[in-house]
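If you want the building blocks of each chain, they are given just below.
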Number of protein chains: 2
Amino acid sequence: MLDFTYSIPTKIHFGKDALDFVGEEVKKYSSKVLLTYGGGSIKKNGVYDKVVKELKESGVEIFELSGIEPNPRIDSVRKGVKIIKENNIGAILAVGGGSTIDASKFMAAGALADFDPWEFISKGKPMSPAIPLLSVLTMAATGSEMDNGGVITNPETKEKLSSGHPDTKPKVSFLNPEITYTVSKYQTACGSSDILSHIFENYFNQYGSMYMLDRMMESLMKTVIKYGPIAMKDPNNYEARANLMWASSWAINGFISSSSKSQWTVHPIEHELSAFYDITHGLGLAILTPRWMEYVLNETTAHKFYDLGVNVFDIDKDLDQIEVAKKTIEKVKEFFFDTLGLDSNLKEIGIDDKYFDQMSKKACGKKEKIDGFIELSPADVRKIYEMCLED
Amino acid sequence: MLDFTYSIPTKIHFGKDALDFVGEEVKKYSSKVLLTYGGGSIKKNGVYDKVVKELKESGVEIFELSGIEPNPRIDSVRKGVKIIKENNIGAILAVGGGSTIDASKFMAAGALADFDPWEFISKGKPMSPAIPLLSVLTMAATGSEMDNGGVITNPETKEKLSSGHPDTKPKVSFLNPEITYTVSKYQTACGSSDILSHIFENYFNQYGSMYMLDRMMESLMKTVIKYGPIAMKDPNNYEARANLMWASSWAINGFISSSSKSQWTVHPIEHELSAFYDITHGLGLAILTPRWMEYVLNETTAHKFYDLGVNVFDIDKDLDQIEVAKKTIEKVKEFFFDTLGLDSNLKEIGIDDKYFDQMSKKACGKKEKIDGFIELSPADVRKIYEMCLED
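Residues numbered from 1 in each chain as written. Chains lettered and ligands numbered in written order. Predicted model: local features only at pLDDT ≥ 70, side-chain atom pairs only at ≥ 80, totals over all residues. Heavy atoms only, no water.

- Identification of chain A as NADH-dependent butanol dehydrogenase A from Anaerococcus hydrogenalis ACS-025-V-Sch4 is taken from an unreviewed UniProt entry.

### Concerning the overall build of chain A
- In terms of regular secondary structure, chain A is built from 15 helices and 11 strands.
- In terms of C-alpha radius of gyration, chain A reaches 20 Å, essentially the compact-globule figure of 21 Å for 391 residues.
- Along the first, second and third principal axes, the C-alpha set of chain A runs to 65 × 45 × 40 Å.
- Scored against the burial criterion, the 391 residues of chain A give a buried share of 60%.
- Long-range contacts, defined here as pairs at least 24 residues apart, represent 77% of the contacts in chain A between residues at least 6 apart.
- Computed over 45 positive and 55 negative side-chain charges, the separation of the two mean positions in chain A equals 4 Å. (Helix = DSSP H or I, 4+ residues; strand = E, 2+ residues; numbered from the N terminus. Rg over C-alpha atoms; globule rule 2.2 N^0.38 Å. Buried < 20%, exposed > 50% of the residue type's maximum accessible area, 1.4 Å probe, protein only. Contact = heavy atoms within 4.5 Å. Lys, Arg positive; Asp, Glu negative; His and termini not counted. Charge placed at Lys NZ, Arg CZ, Asp CG, Glu CD.)

### A few points about unusual backbone geometry
- Cis geometry is found at the peptide bond from Ser 128 of chain A to Pro 129 of chain A, where omega equals -5°.
- For Pro 129 of chain A, the position within the fold is in the loop between helix 6 (119–122) and strand 6 (133–137).
- Phi at Asn 88 of chain B is positive, roughly 55°, even though this residue is not glycine.
- Inspection of the secondary structure puts Asn 88 of chain B in the loop between helix 4 (74–87) and strand 5 (91–96).
- Positioned with a positive phi, Asp 314 of chain B is a non-glycine residue whose angle comes to about 60°.

### Observations regarding the packing of aromatic side chains
- Enumeration according to the criterion identifies 51 aromatic pairs over all chains in this entry.
- Each ring, one from Tyr 227 of chain A and one from Tyr 211 of chain B, has its centre 5.5 Å from the other, and the planes form 85°; the classification is edge-to-face. Highlighted residues: Tyr 227 of chain A in helix 8 (residues 211–233) and Tyr 211 of chain B in helix 8 (residues 211–233), drawn from two different chains.
- Look at Tyr 227 of chain A and you get buried, because its relative accessible area is 9%.
- Using a relative accessible area of 18% as the deciding quantity, one classes Tyr 211 of chain B as buried.
- Through successive ring pairs, a cluster of aromatic residues spans Phe 4, Tyr 6, Phe 14, Trp 246, Trp 250 and Phe 255 of chain A together with Phe 4, Tyr 6, Phe 14, Trp 246, Trp 250 and Phe 255 of chain B.
- Over the ring of Phe 115 of chain A we find Lys 125 of chain A; its NZ or CZ atom is 4.0 Å from the centre of that ring.
- Over the aromatic face of Tyr 211 of chain A sits the side chain of Arg 215 of chain A, whose NZ or CZ is 4.6 Å from the ring centroid. (Phe/Tyr/Trp six-rings, centres within 6.5 Å; stacked < 30°, edge-to-face > 60°. Lys NZ or Arg CZ within 6 Å of the ring centre and 35° of its normal.)

### Quick word on the nonpolar core
- Core analysis: the biggest nonpolar cluster contains 232 residues, and Trp 246 of chain A together with Trp 246 of chain B have the highest contact counts within it.
- Not counting residues within four places of it along the chain, the set of residues in contact with Trp 246 of chain B comprises Phe 4, Tyr 6, Met 210, Met 212, Leu 213, Phe 255 and Ser 258 of chain A together with Ile 12, Phe 14, Met 146 and Leu 175 of chain B. (Core = buried A, V, L, I, M, F, W, Y, C linked by side-chain atoms within 4.5 Å.)

### Some words on the pattern of salt bridges
- Evaluation of the coordinates by the stated rule reveals 41 salt bridges over all chains.
- A salt bridge links Lys 105 of chain B to Asp 147 of chain B, with the shortest nitrogen-to-oxygen separation between them at 2.6 Å. Separated by 42 residues along the polypeptide, Lys 105 of chain B in helix 5 (residues 98–110) and Asp 147 of chain B in the loop between strand 6 (133–137) and strand 7 (149–154) bring together distant segments of the chain.
- For Lys 105 of chain B, a relative accessible area of 0% puts it in the buried group.
- Residue Asp 147 of chain B is classed as buried on the basis of its relative accessible area, which comes to 10%.
- Taken together, the shared-partner salt bridges in this structure form one network comprising Asp 20, Lys 50, Lys 53, Glu 54 and Glu 57 of chain A. (Salt bridge = Lys/Arg side-chain N within 4 Å of Asp/Glu carboxyl O.)

### Section: the sheet that holds strand 2 (residues 11–14) of chain A
- The mixed open sheet is built from 7 strands, whose spatial order is 4(A)-3(A)-5(A)-6(A)-9(A)-2(A)-1(B). Bordering the open sheet on either side are strand 4 (61–65) of chain A together with strand 1 (4–6) of chain B, each of which pairs with just one other strand. Sheet twist, expressed as the average angle between the axes of neighbouring strands with direction ignored, equals 20°.
- Packed onto the sheet, helix 5 (residues 98–110) of chain A meets strand 3 (32–36), strand 4, strand 5 (91–96) and strand 6 of chain A and runs at close to 165° relative to strand 5 of chain A. (Pairing = 2+ DSSP bridges. Axes fitted to C-alpha atoms, helices over the stretch in contact; angles between N-to-C directions.)

### Remarks on helix 15 (residues 378–387) of chain A
Residue and element names in this part refer to chain A.
- Within the span of helix 15, buried status applies to Asp 380, Val 381, Ile 384, Tyr 385 and Met 387. An end-on view of helix 15 places all buried positions within 160° of arc, on one side of the element.
- Where helix 15 is buried, its residues meet helix 10 (266–277), helix 11 (281–296), helix 14 (356–364), strand 10 (370–371) and strand 11 (375–376). (Arc of directions from axis to C-beta.)

### Overview of the interface of chain A and chain B
- Counting residues at the interface gives 40 residues for chain A, matched by 40 residues for chain B.
- For the chain A and chain B pair, buried surface summed over both sides reaches about 3,500 Å², with 63% attributable to carbon and sulfur atoms.
- The salt bridge partner of Lys 317 of chain B is Asp 314 of chain A, with a shortest N-O separation of 3.0 Å.
- Along the contact surface separating chain A from chain B lie 19 residue pairs in polar contact (both at pLDDT 80 or more). (Buried area = accessible area lost by both parts, 1.4 Å probe. Polar contact = N/O pair within 3.5 Å; in protein donor to acceptor, adjacent residues only side chain to side chain.)

### Thoughts on the environment of Leu 319 of chain B
Residues and elements named next belong to chain B.
- Structurally, the position occupied by Leu 319 is in the loop between helix 12 (302–312) and helix 13 (321–339).
- Put simply, Leu 319 and Tyr 306 are 13 residues apart on the chain and 9.5 Å apart in space, counted from C-alpha to C-alpha.
- Contact partners of Leu 319, with chain neighbours within four places excluded, come to Tyr 306, Val 324 and Lys 327.

### Remarks on the sheet that holds strand 9 (residues 172–175) of chain B
- Taken together, the 7 strands give an open sheet; going across it, the order is 1(A)-2(B)-9(B)-6(B)-5(B)-3(B)-4(B), and neighbouring strands pair in mixed fashion. The sheet is open, and its two edges are formed by strand 1 (4–6) of chain A together with strand 4 (61–65) of chain B, each paired on a single side. The average angle at which neighbouring strand axes cross in this sheet is 20°, direction not considered.
- In the packing of helix 9 (residues 238–250) of chain B onto the sheet, contacts are made with strand 1 of chain A together with strand 2 (11–14), strand 6 and strand 9 of chain B, and the angle to strand 2 of chain B comes to roughly 170°.

### Some thoughts on the relation of the copies chain A and chain B
- With an axial shift of 0.0 Å and an RMSD of 0.0 Å, the rotation relating chain A to chain B amounts to 180°. What the rotation and shift describe, once combined, is the action of a two-fold rotation axis. Considering only C-alpha atoms, the residue of chain A closest to the rotation axis is Pro 9 of chain A, which sits at 2.1 Å.
- With an isologous cut-off of 70% or more, the 100% of interface residues of chain A that recur at the interface of chain B puts this contact in the isologous class. (Least-squares fit on C-alpha atoms with pLDDT ≥ 70 in both.)

### Side note on helix 9 (residues 238–250) of chain A
All names here are of chain A.
- In this model helix 9 runs 18 Å from its N-terminal to its C-terminal C-alpha over 13 residues, within 8% of the 18 Å that 1.5 Å per residue would give.
- Of all 13 residues in helix 9, 12 are buried; the element is thus mostly enclosed.
- Capping the start of helix 9, Asn 237 holds a side-chain oxygen 3.2 Å from the backbone nitrogen of Glu 239, two or three residues further along. (Expected span 1.5 Å × (residues − 1).)

### Some remarks on the UniProt feature "domain: Alcohol dehydrogenase iron-type/glycerol dehydrogenase GldA" (unreviewed entry) in chain A
- The feature "domain: Alcohol dehydrogenase iron-type/glycerol dehydrogenase GldA" (unreviewed entry), as given by UniProt, occupies residues 9–177 of chain A in the numbering adopted here.
- Taken end to end, residues 9–177 of chain A comprises 32% helix and 24% strand; its first and last C-alpha atoms sit 21 Å apart. (UniProt positions renumbered as here; feature names shortened; annotations may be inferred.)

Written as structure tokens, this is what we have:
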């Protein structure tokens, strides 16, 4: 167990009344706000109208940037920064899922920087200071509503990379589970996959977490496994949407990871898939996760798969450790591919081995390795990609 | 599930290096601090010297108030307020367990009030504004290091009552599990009992919590049940002390209670015991809890005891619900009285029925009832006290 500092000051308004607080909270930070959003679904489901009404009633002047892409691009960030600087805007309200909120984090820091925002990535410049960011969450998945970080894509360099700083953590996030009723079956499945993967990335770590946090991670996993399928079958089920939404925040806000830092593994491997092929992040994670599990399972690592199997998937605790571990991986596959109904290999989504070498190297980054639960070299990563071509 | 606002801005330095940050953190708030502590055990275990060294190195001027009692009294609060006002002190650093931190919350608010601090209780005056409070935790139990509230006793009126405000929540708390190595076996047992009771008070509620939070509460319970006994047998076990310490904070910081508010039950019943007899809070809770459980168990409430039994005490899920519920209560008794070794009834600690009528009425307060998981009248409370005289 490592020493740690815990600090999650993000305030959350959660529930059916959450958006009633948008105006008063934004107003505390600025009388001019940049409203950022994606493809306009918020105009169909009433969220846009509600947000604008609340802001106007509080006397906040609204500027807008729409069209933020899934796998958001650095150009959107540049556009946002330009609007903020030209109009002397003091806060951002991101209305969307992880993509919109992630891009807005880069805008929040870019607003106070005198260089191109891609340098937060290419030159590793710190994303601090930043103007205040607030968010209205429309999809349970990335946890961006309560954490530091964001992922951004540069199509020119085929790079999809992350950065973040405590200053870019949302000051306030508004979580109304009802808003996610309109999230499609497929996106609900991908969101559930993403949340589960965040928990796995922390659960499988090098140092060993506190017992308390391991059990809490299992609680979060049980929540996703129970409610992901319910939300797919019954999209207006409030309990399901609420549990998924709050679990998405806690999977990645820093709480469960605090006692054991280690580099994430499946996420960087997946980021190359969606950087090269623009596939949905949660789908890529689902395809990769069980292959990664099979690749790293051995006598030394089996105990962790055993805990997962016994505590989350209710596998008989009296079975042999390795046997439980293997059954656990089968249960993970079953959940992703049967229960959530996601495609189970890369061929099915039209991906072959053409870029595997390039992707494997990029996934390992400058350190030329992924120093996660089990250290992986580019050759290891390539093997995992190859396993994803098999049935 | 209810709508809620989540806001826990307290920053935590956790681990063996936690106290290294005391000076720099206090200095952010004030260059003069009131250092509050209890009976002086911190002078024996090196904590006092460490804290003073860190404060001095950061150039913080120190004023002291020692001698804060277990079940802290309003007179200590008055003394603290006097020192703060006379010396224009800008922050408080409480070094201790719940008693010292609780009393310091009343001082923090009292420092900016122009009335006697007992009026926070007697007249319900809001504990806001308040000067910044920071805390060094020396015992895992009350969770006061990360929550709003405090309990204070007035010996003249035999009243032990609570109040609190977001403004009195510690800004920063320093949690080094090693500091709790010197907590006695008995106090470790009482602390474990207190933590467990905080979780029960939230778990057994009127509205029904989110599934995710119910599972997280069970994770916290498992943590206490696993590590309480280990810490008693092996006081220098870091994992045990760390898990108990972090669980103490999360049992009561507002996270697990957020989706379902209801009035606590066993705590107000216990507060009368310690107000009348000055017994240790955790001991009183241990004696009361299983009796309260027996009193409220019925066909309607059994499902919650069933969840507790199956998910925490590993009782066979295929048994009849009421049977599981009864076995669960036996497990709770076993944990408090056999595993933790606490006295199992009031006779053993020299308490008889002399004040039961008075105590029952006071426990129910002005509303003349406790509106918790199951509503209790003074007559109900009296019956629960009576059950505590039986073996």
